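Summary of structural features
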Amino acid sequence: MAFAGKWELESQEGYDEFCKLVGIPDDVIQRGRDYKQVTEVTQTGNDFTWTQYYPANHKVTNNFSIGKECEMQTIAGKKFKATVNMEGGKMTVSFPNYHQVNEISGGKLIETSTAGSVVLKRINKKI
């Protein structure tokens, strides 16, 4: 249940370079740069609902079960099939253009997205 709760972005590294690499338009990058994104996670056993709230009332919700293939959606609305795994307390999933690892460390939700050699690291505090 460590992931469950509401989280607010506290800091991030590599935002602009990562967003450009995965094809997010410049105007969207600009709006999101200083936005305090909120992530809401509910968990029942191995079943999760993971919702991220973005500027302009945009949100993306993905429902998944650990170890089972599911349909997911990117921030741009692209749907794809993926399997979310849990390895050593870290949640991992491969999106079409990058790999993401989510973990709880020091009471913070750490989201690390890697596309080639470019890394976006987001640190979120519980609210």
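Residues numbered from 1 in each chain as written. Predicted model: local features only at pLDDT ≥ 70, side-chain atom pairs only at ≥ 80, totals over all residues. Heavy atoms only, no water.

**Here we look at the side chain of Ser-113**
Residue position: Ser-113 is located in strand β10 (residues 108-115). Within the structure, the side chain of Ser-113 is placed 3.3 Å from the side chain of Gln-100, a separation counted as a polar contact. The contact partners of Ser-113, leaving out residues within four places of it in the chain, are Phe-18, Tyr-98, His-99, Gln-100, Val-118, Val-119 and Leu-120. (Helix = DSSP H or I, 4+ residues; strand = E, 2+ residues; numbered from the N terminus. Polar contact = N/O pair within 3.5 Å; in protein donor to acceptor, adjacent residues only side chain to side chain. Contact = heavy atoms within 4.5 Å.)

**A closer look at the environment of Ala-76**
Within the secondary structure, Ala-76 sits in the loop between β5 (69-73) and β6 (79-83). Assessed through its relative accessible area of 73%, Ala-76 is described here as exposed. With 60 residues separating them along the chain, Ala-76 and Asp-16 place their C-alpha atoms 16 Å apart. (Buried < 20%, exposed > 50% of the residue type's maximum accessible area, 1.4 Å probe, protein only.)

**Comments concerning the packing of aromatic side chains**
For any pair of aromatic rings, the description rests on two quantities: the centre-to-centre distance and the angle between the ring planes. For the structure on display, the rule yields 6 aromatic pairs. A centroid spacing of 5.1 Å and a plane angle of 80 degrees characterise the contact between Phe-18 and Tyr-98, whose relative ring orientation is edge-to-face. Remark: Tyr-98 occurs in the loop between β8 (90-94) and β9 (99-105) and Phe-18 occurs in helix α1 (residues 15-21); sequence separation between them is 80 residues. Each of the two residues, Phe-18 as well as Tyr-98, counts as buried. Aromatic ring contacts, followed pair by pair, group Phe-3, Phe-48, Trp-50 and Phe-64 into a single cluster. (Phe/Tyr/Trp six-rings, centres within 6.5 Å; stacked < 30°, edge-to-face > 60°.)

**Re the pairing of strand β2 (residues 38-44)**
Where strand β1 (residues 5-13) lies against β2, 4 bridges are found, and the strand directions are antiparallel. Pairing of Gly-5 across the sheet is with Val-41, part of β2. Sheet analysis places β2 next to strand β3 (residues 47-54), joined by 7 bridges and oriented antiparallel. Within β3, the position partnered with Gln-43 by the bridge is Phe-48. A loop of 2 residues connects β2 with β3, the two strands running antiparallel in sequence, and Gly-45 in this loop sits at a positive phi of about 65 degrees. (Pairing = 2+ DSSP bridges.)

**A closer look at the layout of surface pockets**
Of the volumes computed, that of the largest pocket is approximately 890 Å³. Per-element tally for the lining of the largest pocket: the top contributor is strand β4 (residues 58-65), with 4 residues. Of the residues contributing to the lining of the largest pocket, the split by class is 24 nonpolar, 13 polar and 4 charged. (1 Å grid on protein atoms, 1.4 Å probe; cavity = no way out; pocket = protein on both sides within 12 Å on 5 of 7 lines; lining within 4 Å. Points joined across faces, edges and corners; volume = space filled by probe spheres on them. Nonpolar A, V, L, I, M, F, W, Y, C, P; charged D, E, K, R; others polar.)

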